[in-house]
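# Report on the structure
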Amino acid sequence: MRTATAQFSALPGDVAANVATMSSFVREAAASGARLTVFAELAVTGYELGLLAASPGLWTSGPDDPRLDPVREACRETGTAAVVNCASRGRLVTFVYGADGAPLTTYAKRHLFEGERKVFAAGAAPGRCTFDGVRIALATCFDNHFPELAREAVKDGCGLWLASSLYGTGGGEEERATVYPGLARDFGLPVVLANHVGRAGAWTGCGRSAVWGAGGELLAEAPADVPGLAVADVPVLRRS
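So, a few notes on the structure that sits alongside this text.

The rules behind the values
- Residues numbered from 1 in each chain as written.
- Predicted model: local features only at pLDDT ≥ 70, side-chain atom pairs only at ≥ 80, totals over all residues.
- Heavy atoms only, no water.
- Pairing = 2+ DSSP bridges.
- Helix = DSSP H or I, 4+ residues; strand = E, 2+ residues; numbered from the N terminus.
- Buried < 20%, exposed > 50% of the residue type's maximum accessible area, 1.4 Å probe, protein only.
- Arc of directions from axis to C-beta.
- Contact = heavy atoms within 4.5 Å.
- Salt bridge = Lys/Arg side-chain N within 4 Å of Asp/Glu carboxyl O.
- Core = buried A, V, L, I, M, F, W, Y, C linked by side-chain atoms within 4.5 Å.
- Axes fitted to C-alpha atoms, helices over the stretch in contact; angles between N-to-C directions.
- Disulfide = S-S within 2.5 Å.

One ladder, built from five bridges, connects strand S4 (residues 91-97) with strand S5 (residues 103-108); its direction is antiparallel. Bridging from a neighbouring strand, Phe95 pairs with Thr106 of S5. Hairpin connection between S4 and S5: a loop of five residues separates the two successive antiparallel strands, and Gly101 in this loop has a positive phi of roughly 85°.

As structure tokens, then:
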């Protein structure tokens, strides 16, 4: 499966602008032959915990929230899928939209990080969907630091691991470079990471959104300091 991961600097609280950017990336990824595009943690609003806590209007009502329609329309136009992370109904969630723009699944982050615990409730269920015959596992940033989640995914027959995340400059760069290829190598799962680049709340996203093969080999990587896509052909386990 040709897979794309997109990185950009989300505008704080500007849902319309960020969704427009994401829709453009879906179309750009599809033009390169990608079947799905993954976006970073809280890409819809920016990683703005204080703003989200103070502004309930920034929270989406669910996967059918009309403010997300441009992404759904881009999926319909291109016949591809999109993995969209945002705040919704008290949780930090990922919506996956299929090739017809309809939601395939909703996943709520299970392991919240530091200040997130003051804003969100943790999810309890694993994130799963099937697209193009591939059983997909979803994880959000700190989730990826818990190997038992990947172990669950393998037992559940997943053939692809998609991570919407935020890693900043400094220590986050080392974590990004070790956690994700380690997951791929240790569990035999291709891993797709979408990260922020530039300002992201209190952080500066270190970019380098990337795709790793099931052996931990790097297949594609975006730059550290500019928006863009990383696209790779990923060998995946398809279910009959």
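Now for helix H3 (residues 69-78). Of the positions making up H3, those classed as buried are Val71, Arg72, Ala74 and Cys75. The arc that holds the buried residues of H3, viewed along the axis, is 155°, so those residues lie on one side. Those residues of H3 hidden inside the fold are in contact with helix H1 (15-31), strand S3 (81-88), S4 and S5. In the stretch just after H3, Gly79 is the one whose phi turns positive, near 65°.

Attention shifts here to the environment of Val234. Locating Val234 in the fold gives a position in the segment after strand S14 (228-233). Each C-alpha atom of the pair Val234 and Pro190 lies 7.0 Å from the other, and the pair is 44 residues apart in sequence. If near-sequence neighbours (up to four positions away) are discounted, Val234 is found in contact with Met1, Thr3, Leu160, Pro190, Val211 and Leu219.

Within strand S8 (residues 160-164), five of the five residues are buried, leaving the element largely enclosed by the surrounding structure. Of the two faces of S8, the one carrying Leu160, Leu162 and Ser164 and the one carrying Trp161 and Ala163 are both buried. Note: strand S7 (residues 134-140) against S8, five bridges, orientation parallel. Of the residues in S8, the one forming a bridge with Ala139 is Ala163. Sheet topology note: the S8/strand S9 (residues 191-194) ladder contains four bridges and is parallel.

Right, let's talk about the pattern of salt bridges for a bit. Oppositely charged side chains may form a pair once their charged atoms are brought near each other. The final tally for this structure, using the stated rule, is 16 salt bridges. Here Arg2 ties to Asp233 by a salt bridge, and the two come within 2.7 Å at their closest N and O atoms. Here the residue Arg2 occupies a position in strand S1 (residues 2-7), and Asp233 occupies one in strand S14, the gap between them amounting to 231 residues. In this structure, Glu221 and Arg176 form a salt bridge, with 3.1 Å as the shortest nitrogen-oxygen distance. Of this pair, Glu221 sits in strand S13 (residues 218-221) while Arg176 sits in helix H5 (residues 171-187), and the two are 45 residues apart along the sequence. The network of salt bridges with shared partners includes Glu41, Lys109 and Glu116.

Moving on, we get to the nonpolar core. One finds Met22, Phe39, Leu42, Val44, Val71, Val84 and Phe120 to be the most contacted residues of the largest nonpolar core, which totals 39 residues. If you list the elements that add at least two residues to this core, you get S1, H1, helix H2 (49-54), H3, S3 and S4. By residue number, the principal contributor to this core is H1, which donates six residues. When sequence neighbours within four positions are dropped, the list of residues in contact with Phe120 reads Leu42, Leu49, Leu52, Trp59, Ala87, Gly90, Arg91, Leu92 and Leu112. Core analysis: the second largest hydrophobic core is formed by 24 residues, Phe131, Val134, Leu160 and Ala194 among them.

The subject of this paragraph is the sheet that holds S7. Taken in spatial order, the six strands of this open sheet run S6-S7-S8-S9-S12-S13, and their pairing is mixed. The strands lining the two open edges of the sheet, one partner per strand, are strand S6 (127-131) and S13. The average angle at which neighbouring strand axes cross in this sheet is 20°, direction not considered. Across the sheet, helix H4 (residues 147-155) is in contact with S6, S7 and S8; its angle to S8 comes to roughly 145°.

On to the state of the cysteines, then. Per the counting criterion, the structure on display carries zero disulfides. No disulfide involves Cys86; its sulfur sits 14 Å from the nearest other cysteine sulfur, which is in Cys75. Owing to a relative accessible area of 0%, Cys86 belongs among the buried residues under this scheme.

With respect to topology, six strands assemble into an open sheet ordered S5-S4-S3-S2-S1-S14, the strand pairing being mixed. Of all the strands in the sheet, just S5 and S14 have a single pairing partner and so form its edges. Mean inter-strand twist for the sheet, computed between neighbouring axes without regard to direction, equals 25°. Where H1 meets the sheet, it contacts S1, strand S2 (36-38), S3 and S14, and its direction lies at approximately 35° from that of S14. Contacting S3, S4 and S5, H3 crosses the sheet at an angle of about 170° to S3.

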